[in-house]
Structure formats: C-alpha cells, structure tokens
Amino acid sequence: MFAAERRQLILEMVRANGAVSLRELARVVQTSEVTVRRDVRALEAEGLLDRRHGGAVLPGGFTRESGFPQKSHLSTAEKTAIADLAAGLVGEGEAIVVGAGTTTQELARRLARVPGLTVVTNSLLVAQALAHANRVEVVMTGGTLRGSNYALVGSGAEQSLQGLRVSRAFLSGSGLTAERGLSTSNMLSASVDRALVHAAAEVVVLADHTKLGSDTMFQTVPTELITRLVTDEPPVHDERAATELQALADQGVEITVAGPDADPQAGDGMPPGRQARPDMPLPGQRRTQGGHGGPGGLGPQLRSAAAMAEGPVGRVADLRRR
C-alpha cells in the first residue's frame, strides 16, 4: 500500500470512529506502528487530525464519542486483559454498580461466575451479559435509552440511584487525565456516571492506555475520587502515557497494570494500601538500583492480582522495561 493510500485509510478510520489507537491503525493498514506514527504526524501537519497518547483523534482538542459498533472493535485484547484483572476485585455476595461501556461489558461477562453477586447497572449490555448467570442478581436503573451505547440515562436513571450504597463502582469513559480525572463526551452519560460514583464506597476506573491523556468535554470522576485504575501496559515508546500514569499515582490513585506476557506471581506479598509513591517506577520508565518496594523496585502503589484479591485472577505485568 502506498503512503497516500495508507493515509487516506487512516483518515477515514479516524473520521468514522472519532479516536483510533496506533495499534489498531497498524493492524488495519498492515504496517508497523512506526510507519503509522509517521503517517499520523503528516496528517496532523495538514490539520486533518490530532495526535493523542498512542493514537489519533478528530481535530479540535476534544474527542467525540464513538458508537458501540466502532468501540467494540477497538483495543479488544487490552479490554480483555483489563476485565480479567478487574473481575478479581469482586468477591462472593458483594453488591456493586457497573457503568456503561465496552470494557465494563467485558467485565460483566466475567462477573457471571461470582456467586451471590448483586449488580446495579444502567447498561443493557452489562445486564445482557449477566442475564443467564444463575446466582447473580441484576438491578436495572430507570431512564431513557441512549441507543449509541445501549445505556439508560436522564433523570429517571439518576433518581433510581438515590439512597443506594454499594461497595464499588466500576466505570469506563472516553478519556482520563491526572488533571481532570475521568471524562466522557456526552452530558447525559456523565450525569448518570456521577450518580453511580455517589452510590459507591470506592471507584474503580477501567481504561486502556489509549485513553490516558485524552480529555473530553464532561468530567465524570475527579481524580481525587478515583480509588483504583486498572489499565493495560502501554508500549515502551509511549512515554506520554507513562507520564500520565505517574501523575495519577502521585495523586494517590492505586494503579494496576495488566499485561499479556506478565508473570502471574509478580508482586506477591506486597503490602496493601494506596499510599502515593512519587518515586515509584511505572511502565515506560527506567528503574533505578536500590529503589523502593524491594527487588525489582515495585512499590505498594502498583499491585498484583494476588495482592488485590484471593485466588488467581489473570496476570499482571512485572512492569520491567522491555
């Protein structure tokens, strides 16, 4: 494929989806991420798109929300790894809320195996994933159906959450920054997500690395209210995503990184807690000899599945720079 053909295809994908990761672009145009990054730079110089951490978005500063058909085909491997790890946070007999999104839908598929679980959700996709689970109770909010992401929104959804109290809220969104926290492109979705957060003792954000550093119009969860971020390991070259992770950790967000080739025993025995560790190495950053957190320099801020919950739940990146 000639450069002009590649760039035209890249431009069409960004226009259709609003935001596309470099990984996905490279897969579609069948070339390397290095080549795609060069193409994206050229298109940005022409004012046709904007570069973001690990991807490209429509020009104008804020990404618009993609519909479910487009979102469901983006970063599928990353979403699966995140969902596997996040499911380990949920225990038998717990009551939780799960927001709308393709990553939370993946989480719901795994929660079907947790006995005695109660899930409150405004997402038809989450409810559908749990519909045939024998020992899981699903509670739907009221509201008006928003067809682009199959979610119930509006005053009916928000009022049905009043007086509710659960242990955790699991949410995803369109963007995540240390400065503003989690955000989304739709005002009605943001309002319901804020109601979900208000109902929970802890907030767990599920976001793949392409959303790190992206900022969208409506804030849903300010950084200080995010208890934990579950994400995938950014590519080694994505220093901007690593910087955003470090900034989130500096503000006290507990960060857990899932990786496809990680050691499942990595981090066993690490002490619990969510203390901010400004000197803690994160993906994409070099370690120093004799750092905090014992051998390998992994501190308590970045925890393995074993430290999160009892029993094996997926695999966690050892976070060594590869």
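Report on the accompanying structure. (Residues numbered from 1 in each chain as written. Predicted model: local features only at pLDDT ≥ 70, side-chain atom pairs only at ≥ 80, totals over all residues. Heavy atoms only, no water.)

A few words on the overall build of the chain. Counting secondary structure elements, the chain contains eleven helices and 15 strands. When the 322 residues of the chain are sorted by exposure, 57% land in the buried category. Here the analysis covers contacts within the chain between residues at least 6 apart in sequence; of these, 69% occur between residues at least 24 apart. Accessible area of the chain: about 13,800 Å², with a carbon and sulfur share of 51%. (Helix = DSSP H or I, 4+ residues; strand = E, 2+ residues; numbered from the N terminus. Buried < 20%, exposed > 50% of the residue type's maximum accessible area, 1.4 Å probe, protein only. Contact = heavy atoms within 4.5 Å. Areas by Shrake-Rupley, 256 points an atom, 1.4 Å probe, with all protein chains shown as cover.)

Taken in spatial order, the three strands line up as β10-β11-β13 in an open sheet, and their pairing is antiparallel. Both outer strands of the open sheet, β10 (175–177) and β13 (218–221), are each paired with one neighbouring strand and no more. Going from strand to strand, the sheet's axes swing by 35° on average, the running direction of each strand aside. With three bridges joining them, β10 and strand β11 (residues 181–184) adopt antiparallel strand pairing. (Pairing = 2+ DSSP bridges. Axes fitted to C-alpha atoms, helices over the stretch in contact; angles between N-to-C directions.)

With that out of the way, let us pick up the nonpolar core. Of all hydrophobic cores here, the largest spans 30 residues; its most connected members are Leu176, Val205, Leu212, Val221, Leu229, Leu248 and Ile255. Contributions of two or more residues to this core are made by β9 (166–171), α9 (187–198), β12 (200–206), α10 (239–250) and β15 (254–258). Ranked by size, the runner-up nonpolar core spans 24 residues in total, among them Ala86, Val119, Val136 and Ala258. (Core = buried A, V, L, I, M, F, W, Y, C linked by side-chain atoms within 4.5 Å.)

With that settled, consider the pairing of strand β6 (residues 136–140). Summarising the sheet, strand β5 (residues 117–121) and β6 pair through five bridges and their orientation is parallel. Residue pairing in the sheet places Leu117 in a bridge with Val136 of β6. Each parallel crossover has a hand, and for β5 linked through helix α7 (residues 124–130) to β6 it is right-handed. (Right-handed = clockwise from strand over helix to strand, strands pointing away.)

Between its terminal C-alpha atoms helix α5 (residues 76–87) stretches 16 Å, which fits the 16 Å expected from twelve residues at 1.5 Å a residue. Buried within α5 we find Glu78, Lys79, Ile82, Ala83, Leu85, Ala86 and Ala87. (Expected span 1.5 Å × (residues − 1).)

Before going further, it helps to examine the environment of Thr103. With respect to the helices and strands, Thr103 occurs in helix α6 (residues 102–111). Judged by relative accessible area, which is 1%, Thr103 ranks as buried. When the C-alpha atoms of Thr103 and Val126 are compared, they prove to be 9.9 Å apart, with 23 residues separating the residues in sequence. Setting aside its immediate chain neighbours within four residues, Thr103 contacts Lys79, Ile82, Ala83, Ser172 and Leu206.

Two elements in contact, α5 and α6, have axes whose closest approach is 8 Å; the angle formed by their N-to-C orientations is 50°. The angle between the axes of α5 and α6 places the two elements in the oblique class. Relative to α6, the crossing made by α5 is right-handed. Taking contact as the criterion, the partners of Lys79, Thr80, Ile82, Ala83, Asp84, Ala86 and Ala87 in α5 are, on α6, Thr102, Thr103, Glu106, Leu107, Arg110 and Leu111. (Parallel < 35°, antiparallel > 145°, perpendicular 65-115°, else oblique. Left-handed = near helix turned anticlockwise from the far one by under 90°.)

With antiparallel pairing, three strands are arranged side by side in an open sheet as β1-β3-β2. Sheet topology places β1 (19–21) and β2 (50–52) at the edges, where each strand pairs with a single neighbour. Averaged over all neighbouring strand pairs, the angle between strand axes comes to 25°, with direction disregarded. Helix α2 (residues 22–29) rests against β1 and β3 (55–57) of the sheet, and its axis sits at about 75° to β1.

Moving on to the pattern of salt bridges. Tallying each qualifying case throughout the model produces 13 salt bridges. The residue Asp215 makes a salt bridge to Arg180 at a minimum N-O spacing of 2.5 Å. Here Asp215, found in the loop between β12 and β13, pairs with Arg180, found in the loop between β10 and β11; they are 35 residues apart in sequence, far enough to count as distant. (Salt bridge = Lys/Arg side-chain N within 4 Å of Asp/Glu carboxyl O.)

Okay, the pairing of β12 next. In terms of burial, β12 is a largely internal element, five of the seven residues being buried. Pairing of β9 with β12 involves five bridges; the strand directions are parallel. From the neighbouring strand, Phe170 faces β12, where its bridge partner is Val204. By the bridge criterion, three bridges tie β12 to strand β14 (residues 228–232) in an arrangement that is parallel. By the bridge assignment for β14, Val205 is matched with Leu229.

For the rest of this paragraph, the subject is unusual backbone geometry. Residue Gln30 is not a glycine yet carries a positive backbone phi of 60°. Tracing the sequence through the fold places Gln30 in the loop between α2 and α3 (33–45). In this structure Gln30 comes out as exposed when scored by relative accessible area, which is 73%. With a phi angle near 55°, Tyr150 is a residue other than glycine that sits in the positive phi range. The class of Tyr150 is partly exposed, set by a relative accessible area of 35%.

The next point concerns α9. For α9, built from twelve residues, the straight-helix expectation of 16 Å at 1.5 Å per residue is met to within 8% by its first-to-last C-alpha distance of 17 Å. Buried residues of α9: Ser189, Ala190, Ser191, Val192, Asp193, Ala195, Leu196 and Val197, and no others. Among the residues of α9, the N-terminal cap falls to Asn186, whose side-chain oxygen and the backbone nitrogen of Leu188 are separated by 3.0 Å. (Polar contact = N/O pair within 3.5 Å; in protein donor to acceptor, adjacent residues only side chain to side chain.)

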